[in-house]
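Now for the letters of each chain:
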Amino acid sequence: MANFKTHMVVGATVSGISSTLLLSAGHLTDSEALLLFSLGTIGSLLPDIDSKTSIPFKITFTLLSVFLSFAIIFSKPEYSLIEKLILWLTSFYLLKLFIMRVFIEYTSHRGIFHSVPMGILLGILGTMLLKTLFWVDGSVAVWGGFFITLGYLTHLILDEVYSVDLANKRMKKSFGTAFSFHKKSNWFGTFIVYLAILILFKETNYTIVTDTIFSSNFYIDLYENILPQNGWFNGLFNI
Ligand SMILES: [Zn+2]
């Protein structure tokens, strides 16, 4: 199993490269790229959120609580400072005290939370949250959800990679438990997650993502951006 630091570094790198490619092909603004990069990195830390007593669990949950609470008050710029403070504190303690308790109570490590369908579901929920709660426009919200799923799946793949003992050319016991599509010990949970995906899937229009990834224009735009058009590092220090 990969550790917290490895997950964070690899997750941030994969999200960073992906958002750089979208930015270079002219599909994103710089602030949108930064948003997707952050969401992908957070997504790559989410699967181990069910490991309870571990320090990564506490760090991830606290980070997520801080991040979400700030995101909520950013979505209400018209509120006074004191209203923002009350909203922030309410959201933070609700997440940390209530949602964290629920997690500790009802999840087991590498349970349904550490699976492919959960990564897809959280991406859909992320898109819905970005669209309804925040200022994000439709297509960026879809990309946001996609990046959460991308980070999530990167984490699961990394855990599988770490379960292959390269030195001894054999599989560790944990092989196959990280990148899984269901949990034998939790059929009910697996069913609920797939049901939620089915119900909510129409809320997010993934053609925005597939139209980009599978279009030749995207790669032509990227290709044209490999070398500078107006001289090297033009305006690097123009502020
Ligand atoms: Zn993991």
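Shown above is the structure to which this text applies.
Residues numbered from 1 in each chain as written. Predicted model: local features only at pLDDT ≥ 70, side-chain atom pairs only at ≥ 80, totals over all residues.

K.L.:
Explain the overall build of the protein to me, please; I cannot follow it from the model alone.
P.N.:
A tally of regular secondary structure across the protein gives 9 helices and 2 strands. Mapped in sequence order, the helices and strands of the protein form the string α-α-α-α-α-α-β-β-α-α-α. Partitioning the contacts of the protein with sequence separation of at least 6, the portion at a separation of at least 24 is 69%. (Helix = DSSP H or I, 4+ residues; strand = E, 2+ residues; numbered from the N terminus. Contact = placed C-beta atoms within 7 Å.)

K.L.:
Just checking my understanding: could you explain helix α2 (residues 30-45) for this structure?
P.N.:
Residues that lie three or four places apart on an α-helix share one face, since the helix turns once every 3.6 residues. Relative to the 22 Å expected for 16 residues at 1.5 Å per residue, α2 spans 23 Å between its end C-alpha atoms, a close match to the ideal helical length. Along α2, the positions that sit buried rather than exposed are Ala 33, Leu 35, Leu 36, Phe 37, Leu 39, Gly 40, Thr 41, Ile 42, Gly 43, Ser 44 and Leu 45. (Expected span 1.5 Å × (residues − 1). Buried ≥ 20, exposed ≤ 12 C-beta atoms within 10 Å, placed from the backbone.)

K.L.:
What is the right way to read the nonpolar core from this model?
P.N.:
Side chains that are nonpolar tend, in soluble globular proteins, to be buried together. Among the nonpolar cores identified, the biggest contains 32 residues, and Leu 36 and Phe 147 are the most heavily contacted of them. With 10 residues, the top contributor of residues to this core is helix α6 (residues 138-162). Beyond its immediate sequence surroundings of up to four residues, Phe 147 is in contact with Ser 15, Leu 36, Leu 39, Gly 40 and Gly 43. (Core = buried A, V, L, I, M, F, W, Y, C linked by C-beta atoms within 7 Å.)

K.L.:
It is not clear to me how the packing of helix α5 (residues 116-133) against α6 should be interpreted in this structure. Could you clarify?
P.N.:
A pair of packed helices is captured by two measures, namely the crossing angle of their axes and the spacing between those axes. In contact at an axis separation of 8 Å, α5 and α6 are set at 155 degrees when each is read in the N-to-C sense. What the angle tells us is that α5 and α6 run roughly antiparallel. For the element pair α5 and α6, the recorded crossing hand is right-handed. Counted together, Val 116, Gly 119, Ile 120, Leu 122, Gly 123, Ile 124, Gly 126, Thr 127, Leu 130 and Lys 131 of α5 and Gly 138, Ala 141, Val 142, Gly 144, Gly 145, Phe 146, Ile 148, Thr 149, Tyr 152, Leu 153 and Leu 156 of α6 form the full contact between these two elements. (Axes fitted to C-alpha atoms, helices over the stretch in contact; angles between N-to-C directions. Parallel < 35°, antiparallel > 145°, perpendicular 65-115°, else oblique. Left-handed = near helix turned anticlockwise from the far one by under 90°.)

K.L.:
I would appreciate a short explanation of helix α4 (residues 81-106) in the present structure.
P.N.:
Here α4 spans 36 Å end to end across 26 residues, near enough to the 38 Å set by a 1.5 Å rise per residue. At Leu 95, α4 is deflected by roughly 30 degrees, the largest bend along its length. In terms of burial, α4 is a largely surface element, 0 of the 26 residues being buried. (Bend = angle between axes of the 7 residues up to and from the residue.)

Nothing here speaks to function; it is geometry throughout.
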